[in-house]
Amino acid sequence: MTKGVQIHTALWFFNHGFSVIPQYIHTKTPKFRWGKYQTQRPTENELRRWFSIPSNGAIVCGANNLMVIDFDDASMFTEWLMWTNMTPKTRFIANSAYKVRTARGVHVYTRSASKPRNLHYPGIDIKGFGGLVTIPGSIHPSGFVYTEYGGTDFPIISDLSEILPSWMMITSEPEKPQRKTIDQLSAADILNMDTDNTFVDLELIKRNYRIENMLQDVIIDSGSHWGLTRCPFHDDNSPSFWVDTAKQLCGCFSGCTSAPLDAINLYARLHGLSNTEAIKEMGK
Ligand SMILES: [Zn+2]
């Protein structure tokens, strides 16, 4: 049987200036009202008392500007890791940040230079002020135990765009085939990601793959950056697929796309690939 959050885990967070609160074991239900711990830390004695009995635990986001990036599933996290591999700075952040495996995905711990807000993107939650994040040792209702997943630092982020690519902040792919959970992902998948010598340059990919060149017969209004063509995803008699040639985004007015697609999303959709697979092919 697992014992829940260990006191040394709670104290480690405490020593880094963060607030941890206890939850009932196997649940995400806090044992008491925790609002005051957004602005003050519990004492070491309180922590020792709380975690002397088997408990789940959560860290209070926003306190000490803690901002946690919550990747809902392993495939989203993997796509992000590939993107961070693009520059030394993002790679360093991804490697050094404290990370936790959740039942389906990964939490990445950072600190925001300003008061962090809660935000939601498709497949990604940003947990800021007012948010709780379950800490290692806690037991999910399914029996899964939250586990440390590398990194010991809380890198400071001035702007989310430093750590998230624009296409992760705008697009959604509800029609995408089932994603792997972190448990289905082999260790080799993750290792390959970290040690892969292939330098994935997303900016270069996007320069080489202009959306207007990937579609047929795009008519661009003279003097504008807006184009129209027939939608490749439905039987389209009147052109209803728009292209923003400046922002390199596109979509279908008839609803085939639930959110704007960028060049990588479009390539993936046209070829029936995941974003990760598309990036690999486009980077060749
Ligand atoms: Zn369409």
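Anything mentioned here points back to the structure above.
Definitions and cut-offs
Residues numbered from 1 in each chain as written. Predicted model: local features only at pLDDT ≥ 70, side-chain atom pairs only at ≥ 80, totals over all residues. Buried ≥ 20, exposed ≤ 12 C-beta atoms within 10 Å, placed from the backbone. Helix = DSSP H or I, 4+ residues; strand = E, 2+ residues; numbered from the N terminus. Contact = placed C-beta atoms within 7 Å. Pairing = 2+ DSSP bridges. Axes fitted to C-alpha atoms, helices over the stretch in contact; angles between N-to-C directions. Core = buried A, V, L, I, M, F, W, Y, C linked by C-beta atoms within 7 Å. Domains from an automatic or database assignment. Parallel < 35°, antiparallel > 145°, perpendicular 65-115°, else oblique. Nonpolar A, V, L, I, M, F, W, Y, C, P; charged D, E, K, R; others polar.

A. How the structure looks around helix α3 (residues 74–84). Burial runs high along α3: 11 of the 11 residues are buried. Buried residues of α3: Ala 74, Ser 75, Met 76, Phe 77, Thr 78, Glu 79, Trp 80, Leu 81, Met 82, Trp 83 and Thr 84, and no others.

B. Quick look at the environment of Ile 25. Relative to the assigned elements, Ile 25 resides in the loop between β1 (20–23) and α2 (44–50). Of the residues examined, Ile 25 has 17 C-beta atoms within 10 Å and is grouped as partly exposed. Along the backbone, Ile 25 and Pro 141 are 116 residues apart, and their C-alpha atoms lie at a distance of 8.7 Å. The contact partners of Ile 25, leaving out residues within four places of it in the chain, are Gly 4, Pro 54, Ser 55, Asn 56 and Ile 139.

C. Structural detail: the sheet that holds strand β14 (residues 249–252). The 4 strands lie next to each other as β11-β12-β13-β14, forming an open sheet whose pairing is antiparallel. In the strand order of this sheet, the two ends are held by β11 (219–220) and β14, each with one partner. Direction of pairing for β11 relative to strand β12 (residues 226–229): antiparallel, over a ladder of 2 bridges. Among the inter-strand pairings, Ile 219 is bridged to a residue of β12, identified as Leu 228.

D. Region of the structure containing the pairing of β1. Alternating residues of β1 divide into Val 20 and Pro 22 and Ile 21 and Gln 23, and every residue in both groups is buried. Pairing of β1 with strand β2 (residues 56–60) involves 4 bridges; the strand directions are antiparallel. Residue pairing in the sheet places Pro 22 in a bridge with Gly 57 of β2.

E. Layout of unusual backbone geometry. Unlike most non-glycine residues, His 26 shows phi in positive territory, near 70°. You can see His 26 is positioned in the loop between β1 and α2. Judged by C-beta crowding, with 17 C-beta atoms within 10 Å, His 26 ranks as partly exposed. Even without a glycine there, the phi angle at Gln 248 is positive, about 55°. Its place among the elements puts Gln 248 in the loop between β13 (241–244) and β14. We classify Gln 248 as buried; it has 22 C-beta atoms within 10 Å.

F. Examining the sheet that holds β1 more closely. With antiparallel pairing, 3 strands are arranged side by side in an open sheet as β1-β2-β8. The sheet is open, and its two edges are formed by β1 and β8 (132–134), each paired on a single side. Here the strands of the sheet are splayed against their neighbours by 35° on average, with no regard to which way each runs.

G. How the structure looks around helix α9 (residues 263–271). Considered for burial, the residues of α9 that qualify are Ala 263, Ile 264, Asn 265, Leu 266, Tyr 267 and Ala 268. Positioned one or two residues after α9, Gly 272 has a phi angle of 65°, which is positive.

H. Structural view of the nonpolar core. Among the nonpolar cores identified, the biggest contains 62 residues, and Val 20, Ile 59, Cys 61 and Val 68 are the most heavily contacted of them. With 7 residues, α3 is the largest single contributor of residues to this core. When we break this core down by domain, the ones giving at least three residues each are domain 1 (7–165) and domain 2 (201–282).

I. Region of interest: the packing of α9 against helix α10 (residues 275–282). Across the interface, α9 lies against α10 with an axial gap of 9 Å and an inter-helix angle of 100°. One way to sum up the angle between α9 and α10 is to call them roughly perpendicular. In this structure, α9 contributes Ile 264, Asn 265, Tyr 267, Ala 268 and His 271 to the contact, and α10 contributes Asn 275, Glu 277, Ala 278, Ile 279 and Met 282. Considering only residue class, the contact of α9 with α10 consists of 6 nonpolar, 3 polar and 1 charged.

J. Broad picture of the environment of Arg 111. Here Arg 111 lies in strand β5 (residues 106–112). Along the primary structure Arg 111 and Asp 153 are separated by 42 residues, whereas in three dimensions their C-alpha atoms are 9.5 Å apart.

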